[in-house]
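Structure at a glance
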Amino acid sequence: MSLLDRWTGRVVGFFDDVLLPDEQRVQLVRARRALEEGRAAEALVFLEQIEARRPGHAKVLELIGLARLALGDGAGASKALREAALQRPEGEVLWALAQALEASGEVRGARDALREAQRVGVGGELALRVAASLGRVYLRLGRADRAAHEVRRALRGASGPGVGAAQEVLGRALLARGEAQEASSSLRAARESGEGSGEVDARYGEALLRCGDAPGAWAVLGAASASRPEDGATRVLAAQAAWAAGDVAGVEGLLASWAARLEGASGLEARVLLGRAALRRGAWSAALGWVEPALVEARGLTGAVAVVAEARLMQAAAGDRVALEAAEAMFERLREVGGESAEAWAGLGRCRLLAGAWAGARRALEQARELGSADGVEVELGRCALEAGDVSAAVALLSGWAQREAGAGEALSAWARAAEASGEAARLLAAARGRLRPPLEVAPEASGDPRAVSRAVQAAVAWAAQTPGTGEVLAGLRVAQEALEQPLSVAVMGEFNAGKSSLVNALLGEAIVPMGVLPTTAHINVMRYGTRRVAELHGADGAVEEVAFSEVRRRVKEDEGAGQIDHLEYLYPHPDLRRVHLWDTPGFNALNADHEAQARRALERAEAILWVCDAAQALTRSELDVLAELRAPEERVLVVLNKVDRLGEDAAARAAAVAEVVAHLEEGLAGRALGIFPVSALLALQGQGEGSGLPQLRAALEASVFDRAGRLKALEATARLEGAAETLRGISAARLALLQGLRETLAGVEARIQAEEARFIAERIPQEQRMLADQLDFLLTVIEREIHEALRPSPGLMGALLTRVELAEEDAEFITELLVQRFKQ
């Protein structure tokens, strides 16, 4: 029942009490009928005519106030009703006055009128409507607590008309206090009663949204926005619900054509929502277009800063280095305006990931995770842990991501959803698990390939080095690794003065070791790689001394007979020496017996032997005897027929002589060598490579010696690797089982904590609340008594003269109820 309906129904009852002439009485009847039919302007004409002839009549002033109120003239209505109330301070008049004052913006005056109506006494439906109006006024004054108190008190035991309107006011007050669940119940009742105002749907949808019922809120607010298309605030609220429900198209449909029309906070929020929707679609440029221009205006709006930061991050992920710097600056700004949020730290971590700063990224992402981010930072953290070599942590993080609940992707950022869609999490998890398993795979066809086997052994050594419990296996693998990496040893043997040093120099292409007609090689000379040109004298006592190449001959000569030098090593930056060590040895049948002992020692240690003989005297019986004593000469000995340039000036005659010598050597060797190679080391050193026979010797070394020796080393290393495989696989299985056990233990601990938390909430908290309530009951009783005592006048003469002042009953009740409610919260 409207205000006018209620009032015009009373008009007939007091006609008899109004002493008006017949003409004015007729006008009053016409005015009443016009008010009943909604013709307030016509009614006002009749009433003002009566007022002009008989001014100041309370009943006429009441109707004038109602007519002006119906016409939207709050100031005029309040003026007429205030005069009427002064004459007849009844509840109906005061309630009407309050409506007029509220309409004219005099909210505090409306409050006072309503309080006065309650004081003089109202009952039934009017009492409920007065309380609802008072609650609405208190809401406008920012006093949600008092509004809820007034309406709750009026609703106790109330039924019938007016309950729905009061429920709406209560719901709005509860919503303002943050009590969304109870607010949604009150607002739902108001909607169902049909007495709610035009805003009841919007407030109900807002309550549902705050309760976390995004789909329900979107359904209610979407309909409310459609029914009130010009209500920008409701449209933005509906867009928030659509976003929470995951309906990106709904957000853009509601706001795309409205963002420019909305002003203030609603306009900024609309732009932020549109920016977030664009980001969800991966359209970072569109997101910047919506939000970036509003950054100055939205200085304190964290959502705007967050959208721009995320958009710049997506731009940086596409390869824009400048955008990466801008993104990091925006996430730092987000920390300034929004505090230490998970969103800001996660963004900073991803910026550092793109920059390749793994340690900094891991620290930032761990901070985000600690602050409660549900944004998929486990994937990035897993990647950081993997880069840092913390494989177990990577497996734990990525396994947790893979086992997350279905449907969680809707709550993820564009960054995390892109990682999920690309399969990055699965790829990283597979890589992490693979690194927990020892890398022992060598394809059967590659078991003789030194390079493939070397890579496998290196990977196994690296894995075992960072895995506990692999010490013994690691030592064996390192032996295999050193053997594979050790250059091949090639000994240059033969009797003295056969040109061994010349051949070594020819093979290296430079005159490095001393040459001469005397047995200059008195010790084993090892040619190996070094970064600078220097010789090392290794003493019999283990001492090592560096000397210049030019000083070697003098130092060796000084050592003749003393035996202080064990062997010499020539370090030289020659690329061939990275894979081959050349041993230039003392000759056999030398004058010094020590020289021959040195040569025989080299025979046993070398992986290949170049037996050098003078073409003029070929192999002697003593040389053939030495070759017969060698281990597997047919697999590692190449006979080099040196100085063939001395077999004649004429090429044809020289070739015939060489052929004769070779035939003689083949007969004497009887298969105890890989081949015979005529060469001239002197011609090779003089730059006549093709005619020296040296290229043929090199090719034979590569094909028959180096390749075979490399395969043998690879096979030996493969055998050692296979021997370690079973042990390492057992260790790997144990680590994986331990990790899984720890995960299961952690899951059990989390379940027990959750169960204990639920039990605590269900049992202990209510118990504590009851104890606290008992204590507060006593405390509040004391407080109320003290308030009454403080306001009661003191006895005596002055007390008798002073007006008695006490708390009104409703004020005391409100203070008590408010304190109880607040302490319960």
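What you see is a predicted model, and the numbers here were worked out from it, not measured in a lab.

Quick notes on the rules
Residues numbered from 1 in each chain as written. Predicted model: local features only at pLDDT ≥ 70, side-chain atom pairs only at ≥ 80, totals over all residues. Heavy atoms only, no water. Pairing = 2+ DSSP bridges. Helix = DSSP H or I, 4+ residues; strand = E, 2+ residues; numbered from the N terminus. Axes fitted to C-alpha atoms, helices over the stretch in contact; angles between N-to-C directions. Contact = heavy atoms within 4.5 Å. Salt bridge = Lys/Arg side-chain N within 4 Å of Asp/Glu carboxyl O. Buried < 20%, exposed > 50% of the residue type's maximum accessible area, 1.4 Å probe, protein only. Phe/Tyr/Trp six-rings, centres within 6.5 Å; stacked < 30°, edge-to-face > 60°. Lys NZ or Arg CZ within 6 Å of the ring centre and 35° of its normal. pLDDT = per-residue confidence, 0-100. Patch = residues over 30% accessible without salt bridge, like charges linked within 9 Å, V, L, I, M, F, W, Y side chains within 5 Å. Areas by Shrake-Rupley, 256 points an atom, 1.4 Å probe, with all protein chains shown as cover.

Let's talk about the sheet that holds strand E4 (residues 544–547)
Ordered in space as E4-E3-E5-E2-E6-E1-E7-E8-E9, the nine strands form an open sheet in which the pairing is mixed. Two strands lie at the open edges of the sheet, namely E4 and strand E9 (675–678), each paired on one side alone. Taken over all neighbouring pairs, the strand axes of this sheet differ in orientation by 25 degrees on average, direction set aside. Against the sheet, helix H28 (residues 500–508) makes contact with strand E1 (488–493), strand E2 (524–529), strand E6 (580–584), strand E7 (608–614) and strand E8 (637–642), and its axis sits at roughly 160 degrees relative to E6, the strand it touches most. Sheet strands in contact with helix H33 (residues 651–669) are E7, E8 and E9, and its direction is about 155 degrees off that of E9.

Remarks on the pattern of salt bridges
Summed over the entire model, instances satisfying the criterion amount to 39 salt bridges. Between Arg177 and Asp145 there is a salt bridge, with the nearest N and O atoms lying 3.2 Å from each other. A residue pair is termed long-range when its members are at least 10 positions apart, and Arg177 in the loop between helix H10 (163–176) and helix H11 (180–193) and Asp145 in helix H9 (residues 144–155) qualify at 32 residues. On the accessibility criterion, Arg177 (14% relative accessible area) is buried.

Remarks on the packing of aromatic side chains
Per the stated rule, a full pass over the model turns up two aromatic pairs. Centre to centre, the rings of Phe549 and Tyr570 are 5.2 Å apart; their planes meet at 75 degrees, and the pair counts as edge-to-face. Of the two residues, Phe549 is situated in helix H29 (residues 549–558) and Tyr570 in strand E5 (residues 565–572); the sequence distance between them amounts to 21 residues. The burial state of Phe549 is the same as that of Tyr570; both residues are buried. Both rings, one in Phe549 and one in Tyr572, keep their centres 6.3 Å apart while their planes meet at 20 degrees; by these two values the pair is stacked. Residue Phe549 is found in helix H29, and its partner Tyr572 is found in strand E5; the two are separated by 23 residues along the sequence. We classify Phe549 as buried; its relative accessible area is 12%. Put simply, the rings of Phe549, Tyr570 and Tyr572 pair up and form one aromatic cluster. Taking the ring centre of Tyr529 as reference, the NZ or CZ of Arg578 above it sits at 4.0 Å.

Side note on the confidence of the model for the protein chain
Across the protein chain, the average pLDDT comes to 76, with 72% of residues at 70 or higher. Ranking the elements of the protein chain by mean pLDDT puts helix H37 (residues 797–801) last, at 36, and helix H12 (residues 200–210) first, at 91. Predicted confidence is poor over residues 405–411, with pLDDT under 50, and the contacts of this stretch with residues over four places away or in other chains come to five contacts.

Some points on the environment of Gly56
Assignment of secondary structure puts Gly56 in the loop between helix H3 (40–53) and helix H4 (58–70). A relative accessible area of 30% places Gly56 in the partly exposed class. Taking the C-alpha atoms as reference points, Gly56 and Ala84, separated by 28 residues in sequence, lie 8.0 Å from one another.

Some details on a nonpolar patch on the surface
A cluster of nonpolar side chains, contributed by Phe760, Ile761 and Ile765, occupies part of the molecular surface with about 250 Å² of accessible area. Here Phe760 shows up in helix H36 (residues 694–791). Residue Phe760 is classed as partly exposed on the basis of its relative accessible area, which comes to 39%.

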